[in-house]
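Residue-level structural notes
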Amino acid sequence: MLVQFYNVSKIYPNGVKALDDISLKIDRGEFLFLMGPSGAGKSTLVKMLFREELPTRGQIFLASRSIVRMKRGDVPRLRRNIGIVFQDFKLLENKTVYENIAFAMEVVGTSSREIKERVMEVINMVGLKGKENSFPGELSGGEQQRVGIARALANRPLLLIADEPTGNLDIDTSHEIMELLFDINRIGTTVIMATHARELVKPAGKRVLMLDKGRIVADNPPGELVL
Amino acid sequence: MRPGSIIYFLREAFKSLSRNRLLSIATISTVAISILILGFAVLLTINAGALMQDLESDVEIVAFLDKKLTKSQITDIKQDLTAVSGVKSVKFVSREQALAKMQEKYGGNEYNLKETLGKNPLPHSYEIKADDPHNVPQIAGQVSKIDGIYKVNYGQGVVERLFKVTRWVRIVSIVFIVLLVFAAVFLIATTIRLAIFARRKEIYLMKLIGSTDWFIRWPFFIEGVFMGAVGGLIAILILAAGYSSLIGHMDTMFFIPLVTSPKILRNIYIGLLVCGATLGVLGTWVSLNRFLDV
Ligand SMILES: Nc1ncnc2c1ncn2[C@@H]1O[C@H](COP(=O)(O)OP(=O)(O)O)[C@@H](O)[C@H]1O
Ligand SMILES: [Mg+2]
């Protein structure tokens, strides 16, 4: 098991109950859609995996290590095992494509020789060969998200988390990004993707966890039809 | 820390300095002004301290001797005085010397004291200095108990008031300097916070990618030390130029003895430079921690 949630609840300081008694297991190599309407608790759930938020109750494990009981000093190591893809890309505008990806490796202390090799590798992987010296402002939305995905992959994470990665993209570009995420999953990375876009989830034939008002309302195994 | 990281930290620090040039200049100016005010206060305090020490060291005990004492009795008394604990020096002043001093002080060349008075009314005396002027009243009490001494004078009343004043001046100036340091940290932290705020998204991203707090801090600290030291240096140059021209003018204008020892001044200036660099780091520390809490 890569991820385990046991009776996890989250109540924000303002009293909003974002998650209500969530229990769930995710295997290594799985592709999981986290689906539900806006406000269902999808972002809250994924934020707990990289410990941006702590649960109010319950336990969470990543690769059998408790995220809740983890010391503050161990959080960087946890996060290095997780790649995060954001809806708004979060690219640094004053850095080139190459520098944006290298940045993710520099800040965890990777040697420059290793960075050079790996950055070109992930740039090829996401199909941005030839764009390495472009600035984010010179790229289309889809290309920018590819940079975001490349950056998330740079440190070879166990788990890739994408929170509404297609939220700012048109439907054709969204399908292209989905194909890229499926490819990444196919070569061994576990992927969790939160989305409210039914039209992307339906044809994929992957496992779908449905959230509503902080509760799991359905957990459809891969291949089953989503309503 | 790997050597590769050090190069990375230095590069990041100076990239950020030149990228946020306006904020860097603002921070350096803030440090310079803070250190200038602080340095001014320190020089003032040091000089006030020297002046007070000067006044205090002038405090001495005069022990007047009985009129009918033999030479050997007078010598014995000197030994008794030297034996009192806390006494630094004992100096004999004959009645003739005392009169001559008085003539010099009050008579001048206008009229002759001895002729006016008819005869010398003054007794022999001992002038006693204490290791620590603050112990003078207590030593005076012990001296007055010695046989053959009929009166002890040390400026009773005035001396106690002098010590009270100097103590308060010292306390007030230390409190003032401490307050200044706090104000400077706050001011500098506020300026640095602007620079860090401009990069909050980058810091947040670094945290989510798995950067350690120290890895994020180092470039900011290097930047803080650099800006603090440059600001301090500017302040010291202004301060040193101002003070040395003041020394030049004061010599000819006033009797106030200014501290001119190059060693003391050098230590003050080095201290202020270290203070500037420390303020830079402290300001960075205070501002940065909030953004690392992700
Ligand atoms: N930091 C926060 N403080 C308070 N309430 C929050 C916070 N983040 C999210 N919420 C609330 O928690 C609920 C779930 O939000 P979220 O996890 O973002 O849902 P989703 O990603 O599915 O849209 C919402 O009602 C939202 O308003
Ligand atoms: Mg969300």
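Residues numbered from 1 in each chain as written. Chains lettered and ligands numbered in written order. Predicted model: local features only at pLDDT ≥ 70, side-chain atom pairs only at ≥ 80, totals over all residues. Heavy atoms only, no water.

Another aspect to go through is the interface of chain B and chain A. Taken residue by residue, the interface counts 20 residues in chain B and 22 residues in chain A. A buried area of about 1800 Å², summed over both sides, lies between chain B and chain A, and 56% of it is on carbon and sulfur atoms. Together, B:Leu205, B:Leu208 and B:Ile209 form the three largest contributors to the area buried by chain B at its contact with chain A, with a combined 34%. Where chain B packs against chain A, one counts 3 salt bridges. Residues B:Arg11 and A:Glu106 are paired through a salt bridge, measuring 3.7 Å at the closest nitrogen-oxygen approach. (Contact = heavy atoms within 4.5 Å. Buried area = accessible area lost by both parts, 1.4 Å probe. Salt bridge = Lys/Arg side-chain N within 4 Å of Asp/Glu carboxyl O.)

Below, the discussion takes up the site of ligand 1. Residues and elements named next belong to chain A. Every residue lining ligand 1 is accounted for by Tyr12, Asn14, Val16, Ala18, Pro37, Ser38, Gly39, Ala40, Gly41, Lys42, Ser43 and Thr44. The backbone of Gly39 places a nitrogen or oxygen atom 2.7 Å from an oxygen atom of ligand 1. A distance of 2.9 Å separates an oxygen atom of ligand 1 from a polar atom in the backbone of Lys42. About the coverage of ligand 1: the protein hides 65% of its 550 Å² of free accessible area. The greatest single-element share of the shell around ligand 1, amounting to 3 residues, is contributed by helix α1 (residues 42–49). Partitioned by chemical class, the residues of the shell around ligand 1 number 5 nonpolar, 6 polar and 1 charged. (Near = heavy atom within 4 Å. Polar contact = N/O pair within 3.5 Å; in protein donor to acceptor, adjacent residues only side chain to side chain. Areas by Shrake-Rupley, 256 points an atom, 1.4 Å probe, with all protein chains shown as cover. Helix = DSSP H or I, 4+ residues; strand = E, 2+ residues; numbered from the N terminus. Nonpolar A, V, L, I, M, F, W, Y, C, P; charged D, E, K, R; others polar.)

This brings us to the pattern of salt bridges. Throughout the structure, instances matching the rule amount to 22 salt bridges over all chains. We note a salt bridge from B:Lys129 to B:Glu60, for which the minimum N-O separation is 4.0 Å. Here the residue B:Lys129 occupies a position in strand β3 (residues 125–130), and B:Glu60 occupies one in the loop between α2 (21–57) and β1 (61–65), the gap between them amounting to 69 residues. What makes B:Lys129 partly exposed here is its relative accessible area of 27%. According to the relative accessible area criterion, B:Glu60 is partly exposed, its value standing at 23%. Through salt bridges with shared partners, one network takes in A:Arg72, B:Lys207, B:Asp213 and B:Asp293. (Buried < 20%, exposed > 50% of the residue type's maximum accessible area, 1.4 Å probe, protein only.)

Here we take up helix α6 (residues 171–186) of chain A. All names here are of chain A. For α6, spanning 16 residues, the distance from its first C-alpha to its last is 22 Å, which sits close to the expected 22 Å at 1.5 Å a residue. Those residues of α6 that fall on the buried side of the exposure criterion are Thr173, Ser174, Ile177, Met178, Leu180, Leu181, Phe182, Ile184 and Asn185. Against the buried residues of α6 lie β3 (31–35), α4 (112–125), α5 (141–153), β7 (159–163), β8 (190–195) and α7 (198–201). N-capping of α6 is provided by Asp170, with a side-chain oxygen placed 3.2 Å from the backbone N of Asp172. Two residues or fewer past α6, Gly188 is found with a positive phi of approximately 120°. (Expected span 1.5 Å × (residues − 1).)

This paragraph deals with the environment of B:Ser85. Tracing the backbone shows B:Ser85 in the loop between α3 (71–83) and β2 (87–93). Residues B:Ser85 and B:Asp131, 46 residues apart in the sequence, show an inter-C-alpha distance of 9.2 Å.

Bringing the domain arrangement of chain B into the picture now. Along its sequence, chain B is carved into domain 1 (3–55 + 162–292) and domain 2 (60–153). A straight line from the C-alpha centre of domain 1 of chain B to that of domain 2 of chain B covers 52 Å. (Domains from an automatic or database assignment.)

All names here are of chain A. Strand order across the open sheet formed by 6 strands is β6-β7-β8-β3-β9-β10, with mixed pairing between neighbours. This sheet does not close on itself; its edge strands, each paired only once, are β6 (82–85) and β10 (215–220). Sheet twist, expressed as the mean angle between neighbouring strand axes with direction ignored, is 15°. In this structure, β3 lies alongside strand β9 (residues 207–212), joined through 4 bridges in parallel fashion. Its bridge partner being in β9, Leu32 is matched across the sheet by Arg207. Set on the sheet, α5 makes contact with β6 and β7; between it and β6 the angle comes to about 170°. (Pairing = 2+ DSSP bridges. Axes fitted to C-alpha atoms, helices over the stretch in contact; angles between N-to-C directions.)

Attention now moves to a negative patch on the surface. Residues B:Asp66, B:Asp76, B:Asp80 and B:Asp147 make up a contiguous surface patch of negative charge. Turning to its location among the elements, B:Asp76 is positioned in helix α3. (Patch = residues over 30% accessible without salt bridge, like charges linked within 9 Å, V, L, I, M, F, W, Y side chains within 5 Å. Lys, Arg positive; Asp, Glu negative; His and termini not counted. Charge placed at Lys NZ, Arg CZ, Asp CG, Glu CD.)

Take the packing of aromatic side chains next. Summed over the entire model, instances satisfying the criterion amount to 14 aromatic pairs over all chains. Both rings, one in B:Phe14 and one in B:Phe226, keep their centres 5.1 Å apart while their planes meet at 80°; by these two values the pair is edge-to-face. Of this pair, B:Phe14 sits in helix α1 (residues 3–19) while B:Phe226 sits in helix α9 (residues 213–253), and the two are 212 residues apart along the sequence. The class for B:Phe14 is partly exposed, based on a relative accessible area of 38%. Relative to B:Trp218, the ring of B:Trp214 has its centre 5.8 Å away and its plane inclined at 40°; by these criteria the two rings are tilted. Taken together, the residues span about one helical turn, with B:Trp214 and B:Trp218 both in helix α9 at a distance of 4 residues. Of the residues examined, B:Trp214 reaches a relative accessible area of 42% and is grouped as partly exposed. Three or more aromatic residues link up through ring pairs in this structure, and these residues are B:Tyr8, B:Phe9, B:Trp214, B:Phe215, B:Trp218, B:Phe221 and B:Trp285. The positively charged end of A:Lys90 is found above the aromatic ring belonging to A:Phe86, 5.3 Å away from the centroid. (Phe/Tyr/Trp six-rings, centres within 6.5 Å; stacked < 30°, edge-to-face > 60°. Lys NZ or Arg CZ within 6 Å of the ring centre and 35° of its normal.)

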